[in-house]
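# A structural walkthrough
Below, each chain spelled out in residue letters.
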Amino acid sequence: MQFFGGSEISPSPPAPTVSGNNAHMVYVFNRNGVCLLYREWNRPLHTLNAQQDHKLIAERGNLGVPQLPGQGCSFHSFRTNTYKLSFMETPSGIKIILVTHPRTGDLRDSLKYIYNLYVDYVMKNPLYRPGSPIRSDLFITTLDQYVRSIA
């Protein structure tokens, strides 16, 4: 399957970048900044409530200036001493944000794989209404298994 220009994206997941369970959270936002999915696995600190957390992350997802179609986004991640935030925005405006341990390597291929899971299990589902929260058990289970394997 291929959703990005260039080479074909493998249907198998990219290889893990670090051993252990270092994934903290994943967010999926639509083009309007509405949180469609929030999953938490190994979050070390709970400093904000869920609504404040989503607002803060949604604002992070709007980093930079709007791009013209085909230009792409040069921002992929940033690292602090307590976490690494990896970011991907698709041509359709879907933003995927993965928060992991700061030692985690490059997750661009993993974010593309997560997007492909989103397309296969959510967008191709005839019962899914675009813009509504993601409630697909198959997507969530597959996402959980994959994220636990990569980080």
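Before reading on, note that the structure itself is shown above.
In this report, the structure presented in the accompanying data block is examined. Note that the structure is a prediction, hence the values are computed from the model and not measured.

### So, the sheet that holds strand β2 (residues 35-40)
- Ordered by their spatial adjacency, five strands build an open sheet running β2-β1-β5-β4-β3, and the pairing between neighbours is antiparallel. Looking along the sheet, the strands with just one partner apiece sit at the ends: β2 and β3 (77-79). Neighbour-to-neighbour, the strand axes of this sheet turn through a mean angle of 10°, independent of strand direction.
- In this sheet, strand β5 (residues 95-100) lies alongside strand β1 (residues 23-29) in antiparallel orientation, the contact comprising six bridges. By the bridge assignment for β5, Phe29 is matched with Lys95.
- Most of the contacts of helix α3 (residues 137-150) go to β2, to which it runs at about 50°, and overall it touches β1, β2 and β5.

### With respect to helix α2 (residues 108-123)
- End to end, α2 covers 21 Å across 16 residues, agreeing with the expected 22 Å (1.5 Å per residue, within 8%).
- Turning to α2, its buried residues number three or more, namely Ser110, Leu111, Tyr113, Ile114, Tyr115, Asn116, Leu117, Tyr118, Val119 and Val122.
- On its buried side, α2 packs onto β1, β2, β4 (84-89), β5 and α3.

What counts, and where the lines are drawn
Residues numbered from 1 in each chain as written. Predicted model: local features only at pLDDT ≥ 70, side-chain atom pairs only at ≥ 80, totals over all residues. Heavy atoms only, no water. Pairing = 2+ DSSP bridges. Helix = DSSP H or I, 4+ residues; strand = E, 2+ residues; numbered from the N terminus. Axes fitted to C-alpha atoms, helices over the stretch in contact; angles between N-to-C directions. Contact = heavy atoms within 4.5 Å. Expected span 1.5 Å × (residues − 1). Buried < 20%, exposed > 50% of the residue type's maximum accessible area, 1.4 Å probe, protein only.

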